[in-house]
Amino acid sequence: MKKTGKLKKIAVLTSGGDAPGLNACIRAVVRTAVFNGLTVMGVRKGFEGLIAGDFVSMNASSVSGIIHSGGTLLQSSRSERFKTKAGRKKAFEQITKANIDAVILIGGDGSFEGAKTFTKEYEIPFIGIPKTIDNDISGTDICIGYDTALNTAMQAIDKIRDTAQSHERIFIVEVMGRDSGYIAYGAGLAGGAEAILIPETKADAENLLQVLKKGWKRDKSSLIVVVAEGDESGGAGKVAELIEKHNPGQYIGICILGHTQRGGSPTAADRILASKFGYGAVEALLSGKRNSMIGIKKNEICFTPLAKVKKQHLAVTGNLLKMITTLTG
Ligand code: F6P
């Protein structure tokens, strides 16, 4: 099915888990569109709003005073209905009814999967903007939200280190990352963790115990293990059980950072990235680009066809592996 014609009206939505920087991105999309004479509709609650026709008209002042705030002004959802043919048909009917000519989707890999299917079934231009604190989307070096989440996790590790050192304790800090070790790796490295456990590498209990033993032998006053929630070990609780079994009586603190990493005011880096992506996405639509995801690689804005976007895994090999092994422990 087809929707053709000159670009006059666009829709913008945020879909999937929230991430710091979404508001900065919505602001950039709306301001760039208005600057270019386009009408902008905000879609509330992600794909659910697209199906329900829950649209709100936006102008330059509807996005005033939001660049520094976390969450999303438009709200979001993980839509099960958009995974169905009937849900997507309804969404296209709502798009047609509202005379929307193109859609800007600020989403993660799950949302892009939905967009891939939708753009195969219906001819409506889509531009994707990658956001996820997990940073696990191909076609970009970095996604909106990752830098803020990383800093939140690092600051938490720094604070836990104070207590760990004062009392000579072991702490296991669990960070988010269902299938992704980006936060664990980044925050662990920046926080000087003694061990980093991530889903992309095989769990090695023996090695972990050795690393901790060596740490005590070197008279370290604290030990911090950073574990991604999706790691094979089963997360902080399981890692603590394992260490306790081999070190009876040793205090082992557990700190699960959870959704503290998803909220909060975006860092300058996230606000700038979100602004570049929002601006670039509208410019791309105006120049005739269709069904692509904007990204940034080696500091240059780039585009990847939606059909080629997939989950990206952190490759802990070669120099990166060598560096982590050298600096942890
Ligand atoms: O994908 C981002 C993420 O924060 C993951 O790291 C985490 O596993 C998941 O979302 C949690 O999702 P929800 O907020 O829906 O529980």
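The structure reproduced in this document is the subject of the present report. Computed from a predicted model, the values in this text were never measured in an experiment.

### Remarks on the sheet that holds strand E2 (residues 39-43)
Two pairing modes exist for strands in a sheet, parallel and antiparallel, and in both the strands are linked by backbone hydrogen bonds.
Turning to step 1, where the next piece is worked out: The mixed open sheet is built from 7 strands, whose spatial order is E3-E2-E1-E4-E5-E10-E11. Looking along the sheet, the strands with just one partner apiece sit at the ends: strand E3 (55-58) and strand E11 (300-305). Strand-to-strand twist in this sheet, taken as the mean axis angle between neighbours without regard to direction, amounts to 30°.
Turning to step 2, where the next piece is worked out: Direction of pairing for strand E4 (residues 102-107) relative to strand E5 (residues 126-130): parallel, over a ladder of 5 bridges.

### Topic: the pairing of E4
Turning to step 1, where the next piece is worked out: The element E4 is extensively covered by neighbouring structure, given that 6 of its 6 residues are classed as buried.
Turning to step 2, where the next piece is worked out: Here E4 shows no split at all, with Ala102, Ile104 and Ile106 on one side and Val103, Leu105 and Gly107 on the other all buried.
Turning to step 3, where the next piece is worked out: In the sheet, strand E1 (residues 9-14) pairs with E4 via 5 bridges, with the strands oriented parallel. Of the residues in E4, the one forming a bridge with Ile10 is Ala102.

### Observations regarding the packing of aromatic side chains
Any pair of aromatic rings gets described here by the distance separating the centres and the angle formed by the planes.
Turning to step 1, where the next piece is worked out: By the definition in use, this model includes 8 aromatic pairs.
Turning to step 2, where the next piece is worked out: Aromatic pair Phe92 and Tyr122: ring centres 4.5 Å apart, planes at 15°, arrangement stacked. Highlighted residues: Phe92 in helix H3 (residues 85-97) and Tyr122 in the loop between helix H4 (109-121) and E5, separated in sequence by 30 residues. Exposure class is identical for Phe92 and Tyr122. Each is buried.
Turning to step 3, where the next piece is worked out: Both rings, one in Phe118 and one in Tyr122, keep their centres 5.2 Å apart while their planes meet at 45°; by these two values the pair is tilted.
Turning to step 4, where the next piece is worked out: Judged by its relative accessible area of 0%, Phe118 falls in the buried class.
Turning to step 5, where the next piece is worked out: By relative accessible area, which is 7% here, Tyr122 ends up buried.
Turning to step 6, where the next piece is worked out: An aromatic cluster is present here, built from Phe47, Phe82, Phe92, Phe118, Tyr122 and Phe126 joined pairwise through their rings.
Turning to step 7, where the next piece is worked out: A cation sits over an aromatic face here: Arg169 above Tyr251, 3.8 Å from the ring centre.

The rules we used
- Residues numbered from 1 in each chain as written.
- Predicted model: local features only at pLDDT ≥ 70, side-chain atom pairs only at ≥ 80, totals over all residues.
- Heavy atoms only, no water.
- Pairing = 2+ DSSP bridges.
- Helix = DSSP H or I, 4+ residues; strand = E, 2+ residues; numbered from the N terminus.
- Axes fitted to C-alpha atoms, helices over the stretch in contact; angles between N-to-C directions.
- Buried < 20%, exposed > 50% of the residue type's maximum accessible area, 1.4 Å probe, protein only.
- Phe/Tyr/Trp six-rings, centres within 6.5 Å; stacked < 30°, edge-to-face > 60°.
- Lys NZ or Arg CZ within 6 Å of the ring centre and 35° of its normal.

Geometry only, nothing functional implied.
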